[in-house]
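# Residue-level structure breakdown
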Amino acid sequence: MTPVTEATLALKLTERINRIEPSATMAVVAEADKLRQQGIDVVDFGAGEPHFATPQHIKEAGIAAIQGNFTKYTAVSGTTELRDAIAHRHAVDFDSDYRREEVIASTGGKQALFNAVQVLVDHGDEVILPVPYWVSFKDIVRYAGGNCVLLETDEAQGFRVTAEMIERLITPRTKVIILNSPSNPSGAVMSPGDLAEVVRLAHERGIWVVSDECYVYLNYTAKRFSIGSLRDFRERMVIIGSLSKTYAFTGWRLGYALGPAAVVSAMQKLQSQSTSNPTSIVQKAAVAALKGPQQCVTDMHAEYINLRDHVINGLRSIPGVKCTLPEGAFYAYPNVSAFFGRSGVKSASDLAGKLLRQVHVATVPGEGFGTRDHIRVSYATSIAELDRGLERLRKFLAVL
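Attention in this report is confined to the structure presented alongside it. Everything numeric here is computed off the predicted structure, so don't read it as measured data.

## Quick word on the overall build of the protein chain
Scanning the protein chain from N- to C-terminus turns up 14 helices and 12 strands. Computed over its C-alpha atoms, the radius of gyration of the protein chain comes to 21 Å, within 12% of the 21 Å expected for a compact globule of 400 residues. Dimensions of the protein chain, computed from the C-alpha atoms along their principal axes, are close to 65 × 60 × 50 Å. Across the 400 residues that make up the protein chain, the buried fraction comes to 55%. Counted over contacts in the protein chain with a minimum sequence separation of 6, partners at least 24 positions apart contribute 75%. Put simply, the protein chain shows about 17,500 Å² of open surface, and 52% of that area lies on carbon and sulfur atoms. Averaged over its 43 positive side-chain charges, the protein chain has a centre that lies 4 Å from the centre of its 42 negative ones.

Rendered as structure tokens:
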């Protein structure tokens, strides 16, 4: 009998699963966890989640749901209470106007994104994707059979994306433009004017815009903005949202999509054959988050600005490290190419690997985000932890 190896197994799996890769961020988390299990003190700049605890009133709503036996199936797209709360919160904060049938709740924003791409992108369709991009965008498109058309941006211009840049890449096969502002990994924020021009261009050309607004509340510019306010163009756009970053709600897994009723209905059909409804008790906690006091959002926003300024000052003080100022999210994206060619380091992946294994600082290499010269540093942690990691990084790079 022929032994089953990883290579022979791969030949028996579907083509669609073989054309995607494991998440680069999840790989870093797994490796850091292995080191911790060995008793090693790891400074974790890799995790893409808030260090804050979920606010108390939200936790209490989840506990009350359990005690009240709200533990049965719900409608696939979420309870009417939750979908109404999502639409209302978005309308209040961003002047949008979505109805209940244009809202679907999902098991995290990633599922909402996955479902949206699966119902919009067919084999051979082209999807314009600005670089750097969140690690999952490219693989989700490839799983759907689409082809990513990468839009290279300029670090010196703060990774700006404009309608003119996108227009140059449009072909008859262009089906979707994916936007992510504030951006993971760069922290770049598209201006309301640039966003409006892209949406207008897409509408004129009959192209969909999928806007991942997971970090929309972590915008450190003058005014946070959602394309949902551009009501005249709503029939060609899908907004992906999440409670994870806004309410320190990552492990609860609750995301949503806002879009035309026909698209949302198709996403509901797909979700009905995969996970069905988001967890019932989590839906109750989500309602408490969306309808309750929003001071927690304001407080976390202010603290992230302090953390951002601290880590950027620290990174820029290290000789050889260059870093643009992120205007949103909670990541810095330093350029570390000055260290390539030293001590066998040829790439960001080499550098990130040595940082983790030699001085036990977890970062995510830029290759997973489509760039070769960067590492991603999450500053969603305490000042003390930032200082510990920055000192290890400084000493490591000084002798590299």
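## A short note on the pattern of salt bridges
Charged atoms that come close allow side chains of opposite charge to pair. Tallied over the full model, the rule gives 23 salt bridges. As a salt-bridge pair, Arg36 and Asp44 come within 3.0 Å of each other at their nearest N and O atoms. What makes Arg36 partly exposed here is its relative accessible area of 32%. With its nearest N and O atoms 3.9 Å apart, the salt bridge here joins Asp93 to Arg224. Residue Asp93 is found in helix H5 (residues 80-94), and its partner Arg224 is found in the loop between strand S6 (208-212) and strand S7 (237-242); the two are separated by 131 residues along the sequence. Residue Asp93 is classed as buried on the basis of its relative accessible area, which comes to 19%. Judged by its relative accessible area of 33%, Arg224 is partly exposed. Put simply, Asp41, Glu385, Arg388 and Arg392 are held in one network by salt bridges that share partners.

## Some words on the sheet that holds strand S4 (residues 147-152)
On the basis of which strands lie adjacent, the open sheet formed by seven strands has the order S2-S8-S7-S6-S5-S3-S4 and mixed pairing. Taken across any chain shown, the strands that pair with only one partner, and hence form the sheet edges, are strand S2 (103-106) and S4. If you compare each strand with its neighbour and ignore which way they point, the axes differ by 20 degrees on average. Strand contacts of H5: S2, S7 and strand S8 (255-258), with the helix running at about 110 degrees to S2, the strand carrying the most contacts. Packed onto the sheet, helix H6 (residues 109-120) meets S2, strand S5 (174-180), S6, S7 and S8 and runs at close to 160 degrees relative to S7.

## Re the packing of helix H13 (residues 348-359) against helix H14 (residues 383-398)
Two numbers describe a pair of packed helices, the interaxial angle and the distance between the axes. Contact geometry of H13 with H14 gives a least axis separation of 11 Å together with a crossing angle of 110 degrees. By the angle between their axes, H13 is roughly perpendicular relative to H14. Relative to H14, the crossing made by H13 is right-handed. Residue-level contacts link Leu351, Lys354, Leu355, Gln358 and Val359 of H13 to Arg392, Leu393, Phe396 and Leu397 of H14. A breakdown of the residues in the contact of H13 with H14 according to their chemical character gives six nonpolar, one polar and two charged.

The rules behind the values
- Residues numbered from 1 in each chain as written.
- Predicted model: local features only at pLDDT ≥ 70, side-chain atom pairs only at ≥ 80, totals over all residues.
- Heavy atoms only, no water.
- Helix = DSSP H or I, 4+ residues; strand = E, 2+ residues; numbered from the N terminus.
- Rg over C-alpha atoms; globule rule 2.2 N^0.38 Å.
- Buried < 20%, exposed > 50% of the residue type's maximum accessible area, 1.4 Å probe, protein only.
- Contact = heavy atoms within 4.5 Å.
- Areas by Shrake-Rupley, 256 points an atom, 1.4 Å probe, with all protein chains shown as cover.
- Lys, Arg positive; Asp, Glu negative; His and termini not counted.
- Charge placed at Lys NZ, Arg CZ, Asp CG, Glu CD.
- Salt bridge = Lys/Arg side-chain N within 4 Å of Asp/Glu carboxyl O.
- Pairing = 2+ DSSP bridges.
- Axes fitted to C-alpha atoms, helices over the stretch in contact; angles between N-to-C directions.
- Parallel < 35°, antiparallel > 145°, perpendicular 65-115°, else oblique.
- Left-handed = near helix turned anticlockwise from the far one by under 90°.
- Nonpolar A, V, L, I, M, F, W, Y, C, P; charged D, E, K, R; others polar.

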